[in-house]
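As a plain string of letters, each chain reads:
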Amino acid sequence: KETLYSKIQSLLGGICAEKLINGDTSTGASSDLKRATSIAKRMVTEWGMSDELGLVYSGSDGDIFVGKNYQERMSYSESQASRIDNEIKKIIDECEKSTTKLLKDNKSKLLTMANVLIEKETIYAEEVDLIVEGKSKEEVLSHIENKDQKTSETESRKEEKNSKRYSSVFYL
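Residues numbered from 1 in each chain as written. Predicted model: local features only at pLDDT ≥ 70, side-chain atom pairs only at ≥ 80, totals over all residues. Heavy atoms only, no water.

### Here's the deal with helix α4 (residues 107–120)
Point 1. If you check α4, its first and last C-alpha atoms are 20 Å apart, about what 14 residues at 1.5 Å a residue would give, namely 20 Å.
Point 2. Within α4, the full set of buried residues consists of Leu110, Thr112 and Val116. Buried residues of α4, seen end-on, are gathered within an arc of 160 degrees and therefore sit on one face of the element.
Point 3. Two residues or fewer past α4, Glu121 is found with a positive phi of approximately 65 degrees. (Helix = DSSP H or I, 4+ residues; strand = E, 2+ residues; numbered from the N terminus. Expected span 1.5 Å × (residues − 1). Buried < 20%, exposed > 50% of the residue type's maximum accessible area, 1.4 Å probe, protein only. Arc of directions from axis to C-beta.)

### So, the environment of Thr25
Point 1. Mapped onto the secondary structure, Thr25 falls in the loop between α1 (2–22) and α2 (30–45).
Point 2. Residues Thr25 and Ile15, 10 residues apart in the sequence, show an inter-C-alpha distance of 6.2 Å.
Point 3. The contact partners of Thr25, leaving out residues within four places of it in the chain, are Ile15, Glu18 and Lys19. (Contact = heavy atoms within 4.5 Å.)

### Let's talk about the nonpolar core
Point 1. In this structure, Ile8, Leu12, Met43 and Ile91 are the most contacted members of the largest nonpolar core, which totals 23 residues.
Point 2. Elements represented by at least two residues in this core include exactly α1, α2 and α3 (78–105).
Point 3. No other element matches α1, which puts eight residues into this core.
Point 4. Once residues lying within four places of it in the same chain are set aside, the contact partners of Ile91 are Tyr5, Ile8, Ala40, Met43 and Val44.
Point 5. In this structure, Ile123, Leu130, Val140 and Leu141 belong to the second largest nonpolar core, which totals seven residues. (Core = buried A, V, L, I, M, F, W, Y, C linked by side-chain atoms within 4.5 Å.)

### A few points about the packing of α2 against α3
Point 1. It is at 9 Å that the axes of α2 and α3 come closest, and there the two elements cross at 125 degrees. In terms of their interaxial angle, α2 and α3 are classed as oblique. Crossing geometry of α2 relative to α3 is assigned as right-handed. Contacts between α2 and α3 pair Ala36, Thr37, Ala40, Lys41, Met43, Val44 and Thr45 from the former with Ile84, Glu87, Ile88, Ile91 and Ile92 from the latter.
Point 2. A breakdown of the residues in the contact of α2 with α3 according to their chemical character gives eight nonpolar, two polar and two charged. (Axes fitted to C-alpha atoms, helices over the stretch in contact; angles between N-to-C directions. Parallel < 35°, antiparallel > 145°, perpendicular 65-115°, else oblique. Left-handed = near helix turned anticlockwise from the far one by under 90°. Nonpolar A, V, L, I, M, F, W, Y, C, P; charged D, E, K, R; others polar.)

### What to know about the layout of surface pockets
Point 1. Looking at the largest pocket, its volume works out to about 240 Å³.
Point 2. Together, Leu102, Leu103, Asn106, Lys109, Leu110, Met113, Ala114, Leu117, Ile131 and Val132 line the largest pocket.
Point 3. Listing elements by their share of the lining of the largest pocket, those giving two or more residues are α3, α4 and α5 (125–132).
Point 4. The element contributing the most residues to the lining of the largest pocket is α4, with five residues.
Point 5. When grouped by side-chain class, the residues that make up the lining of the largest pocket number eight nonpolar, one polar and one charged. (1 Å grid on protein atoms, 1.4 Å probe; cavity = no way out; pocket = protein on both sides within 12 Å on 5 of 7 lines; lining within 4 Å. Points joined across faces, edges and corners; volume = space filled by probe spheres on them.)

### Thoughts on the pattern of salt bridges
Point 1. All chains considered together, the criterion is met by eight salt bridges.
Point 2. Note that Arg83 is salt-bridged to Glu52, the shortest N-O span being 3.5 Å. Of this pair, Arg83 sits in helix α3 while Glu52 sits in the loop between α2 and α3, placing them 31 residues apart in sequence.
Point 3. For Glu52, a relative accessible area of 48% corresponds to the partly exposed category.
Point 4. Note that Lys101 and Asp105 form a salt bridge whose closest N and O atoms lie 2.7 Å from each other. Taken as a pair, Lys101 and Asp105 lie in helix α3 at a separation of four residues, close to a single helical turn. Note on accessibility: Lys101 and Asp105 belong to one class, exposed. (Salt bridge = Lys/Arg side-chain N within 4 Å of Asp/Glu carboxyl O.)

Here it is as structure tokens:
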């Protein structure tokens, strides 16, 4: 259950960050919101992870038309459907609240990450770890530049080594 909550929180991270920083959300997060809602729905209807409903399977009994999704047969009442919707919303709301708190508590790190991404477009786990440790934008960018320089030097040495191999072949 905790793993699923974490997954939902992760999916809501972008939406919560937008709300925190911009005061509003964009349409870009619709896919994440759909996936988060789907997980919450399955937690409630298929996996019995609802405190309110308990260990009950309330998933679909299947489609009326084979291979089509025109209408699902429900094995529960409208009242139960309303309770399911409330439980799904409760999970999403709890995850949104905890995600927003986490982001507020770490707003400076969120802004550092955003600023690094503006300059570099892509960062890796190593750079995220530096940001989480509290490193500044300048320190993270310096780390990236040093890493890029080392990679470039290594590639140059490999090219140089390979060119020497080729030149020795020509002498044979």
